[in-house]
Amino acid sequence: MVTATVRTVLGDVAPEELGVCDAHDHLFFRSPLLAGQELDDAAAAEAELRAYREVGGGTVVQWTPHGLGRRAELLPGLSTATGIRIVAATGLHQAAHYAPELLARLRPVLADVFVRELTEGIGDSGVPAGLIKVAGGFHALDDHAVWTMRAAAEAHHATGAPIAVHHELGTGVLDVLDLLCGELGVAPQRVVLGHLNRSPDFAVHRQAAESGAYLAFDGPSRANHATDWRMPDAMAALADAGFGDRILLGGDTTTAGARSVSGGPGMPYLLRRVRPRLELALGKELVDRILVDNPGRAFAVERLPGR
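Here's what I pulled together on the structure shown here.

Definitions and cut-offs
All residue numbers refer to positions counted from 1 along the written sequence of the respective chain. Given that the model is predicted, a residue must reach a pLDDT of at least 70 before its local features are reported, and side-chain atom pairs must reach 80 or more before they are shown or counted; all residues, however, enter totals for whole chains, interfaces and linings. In computing side-chain properties, one takes all heavy atoms of the structure into account and sets aside hydrogens as well as water. The axes are straight lines fitted to the C-alpha atoms, using for helices just the contacting stretch, and the angles between their N-to-C directions are given from 0 to 180°. For the purposes of this entry, the term helix denotes a DSSP run of H or I that reaches at least four residues, the term strand denotes a run of E that reaches at least two, and both are numbered from the N terminus. Each angle is binned into one of four classes, with values under 35 degrees roughly parallel, values over 145 roughly antiparallel, values of 65 to 115 roughly perpendicular, and all other values oblique. Crossing handedness is defined as follows: a turn of the near helix away from the far one that is anticlockwise and smaller than a right angle gives a left-handed crossing, while the clockwise case is right-handed. Two residues qualify as a contact provided that any one of their heavy atoms is within 4.5 Å of a heavy atom in the partner residue. In this description, strands pair whenever DSSP reports at least two bridges between them. Here's how the labels work: a residue is buried when its accessible area is under 20% of the maximum for its type, exposed when over 50%, partly exposed in between, all with a 1.4 Å probe on protein chains only. This arc is taken over the directions from the axis of the helix to the C-beta atoms. Side-chain atoms alone can form a polar contact between residues adjacent in sequence; in general such a contact is a pair of N or O atoms within 3.5 Å, and within protein one must be able to donate a hydrogen while the other accepts it. Crossover handedness is defined by viewing with both strands directed away from the observer: a clockwise path from the first strand over the helix to the second marks the crossover as right-handed. Salt bridges are counted wherever a side-chain nitrogen of Lys or Arg sits within 4 Å of a carboxyl oxygen of Asp or Glu.

### Here we look at the packing of helix α4 (residues 110–119) against helix α5 (residues 143–159)
Inference 1: Following both chains from N to C, one finds α4 and α5 inclined at 40°, their axes separated by 8 Å at the closest point. Taken together, the axis directions place α4 and α5 in an arrangement best described as oblique. Helix-helix and strand crossings are classified by hand; for α4 and α5 the assignment is right-handed. The residues of α5 that touch α4, namely those facing L110, A111, F114, V115, L118 and T119, are W147, T148, A151, A152, E154, A155, A158 and T159.

Here you go:
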């Protein structure tokens, strides 16, 4: 008998146990591209999770990948203290986030690193990752992106873990699908395409949904995303075409100042402001499915008992 589970930092759970899910966010994130705005304060992370819980949140999927300050050893304690389920990531971001010497060390072993973090735990923490996060570029896939996606596909085939993709300003979606699902044989329903709200190209959205992949509309609280006002229309177009079951929602908080406990919108904004706005466009029933049912399918892995 095959069972589907989601791998959280406290162990595997049934998809229906996730509750309301922020499908793309960050509790911890450190990058030279965001110097001075690092997410590395454990007390602030706990306060943010509690604030998210107060507005009905149940699960957060943290997309912070390898080498960017995940602080995996803290995640189980934060999950236990707040009652919020947390799914952690392995993977690799764009090359600009890393020192060249780190990338050189990873080049011959990247897929093995991903598999180890998914099956044995991140570093010495013993905390398992539940997804693989990779990234494309602006309207293109450079050599770094192709390398990381090949490693991600290899790790996926070894573990069944879903692959989540950062798309720069929402672009390059079809190129990613051609590589991951065409050339590398990853089933589209195991792929989450991130940042679709940043490029409101309804035709591309429809093509991506037709493939079977999940489309994540994430980061709607950022002031510099001038396309956010199109998000309800984009999601409604997908739903009207029969693809409401392929949509995910996330907050993508990447800087300390963006946390709600620091005066920003943070994780609660997704449920406090975005959810009611979407209910006007899509109806409460569909929004409930997008927040609860769809993430359970997107992040679940079918495993044989005892594997």
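Moving on from the model shown.
### A short note on the sheet that holds strand β9 (residues 191–193)
Inference 1: Taken in spatial order, the 6 strands of this open sheet run β6-β7-β8-β9-β10-β11, and their pairing is parallel. Two strands close off the open sheet at either side, each with one partner strand: β6 (89–91) and β11 (247–250). Pairs of neighbouring strands in the sheet enclose a mean axial angle of 30°, with direction left out of account.
Inference 2: Taken together, the 3 bridges between strand β8 (residues 163–166) and β9 define a ladder with parallel strand orientation. Paired with V165 across the bridge in β9 is L193.
Inference 3: Contacts from helix α6 (residues 173–183) reach β8 and β9 within the one sheet, and its direction differs from that of β9 by about 170°.
Inference 4: Docked against the sheet, helix α8 (residues 231–240) engages β10 (214–218) and β11, running at close to 165° with respect to β10.

### A short note on helix α7 (residues 202–211)
Inference 1: Burial in α7 covers these residues: H205, A208 and A209. Angularly, the buried residues of α7 cover 100° about the axis, an arc narrow enough to put them on a single face.
Inference 2: Summarising the contacts, the buried residues of α7 are in contact with α6, β9, β10 and α8.
Inference 3: Taking the backbone nitrogen of A203 as reference, a side-chain oxygen 3.1 Å away marks D201 as the first, capping residue of α7.

### Overview of the environment of G172
Inference 1: Its place among the elements puts G172 in the loop between β8 and α6.
Inference 2: Note on G172: relative accessible area 14%, which makes it buried.
Inference 3: Considering only alpha carbons, one finds G172 and G136, 36 residues apart in sequence, at a separation of 7.0 Å.
Inference 4: Setting aside chain neighbours within four positions, we find G172 in contact with H139 and H167.

### Points about the pairing of β8
Inference 1: A two-sided burial pattern is seen for β8, the buried positions comprising I163 and V165 on one face and A164 and H166 on the other.
Inference 2: With α5 bridging strand β7 (residues 131–135) and the parallel β8, this β-α-β connection has right-handed handedness.
Inference 3: After leaving β8, the chain enters α6 and then returns to the sheet as β9, a path that is right-handed.

### So, the pattern of salt bridges
Inference 1: Here the structure, examined in full by the defined rule, presents 13 salt bridges.
Inference 2: One salt bridge in this structure joins R30 and D40, with 2.2 Å as the shortest N-O distance. With a gap of 10 residues between them, R30 in the loop between β3 (21–25) and α1 (42–54) and D40 in the loop between β3 and α1 connect regions that are remote in the sequence.
Inference 3: For D40, a relative accessible area of 32% translates into the label partly exposed.
Inference 4: Among the salt bridges present, the one from D245 reaches R246, with a minimum N-O distance of 3.9 Å.
Inference 5: The exposure class assigned to R246 is buried, which follows from its relative accessible area of 11%.
Inference 6: Residues participating in the shared-partner salt-bridge network are R275, E279, K284 and D288.

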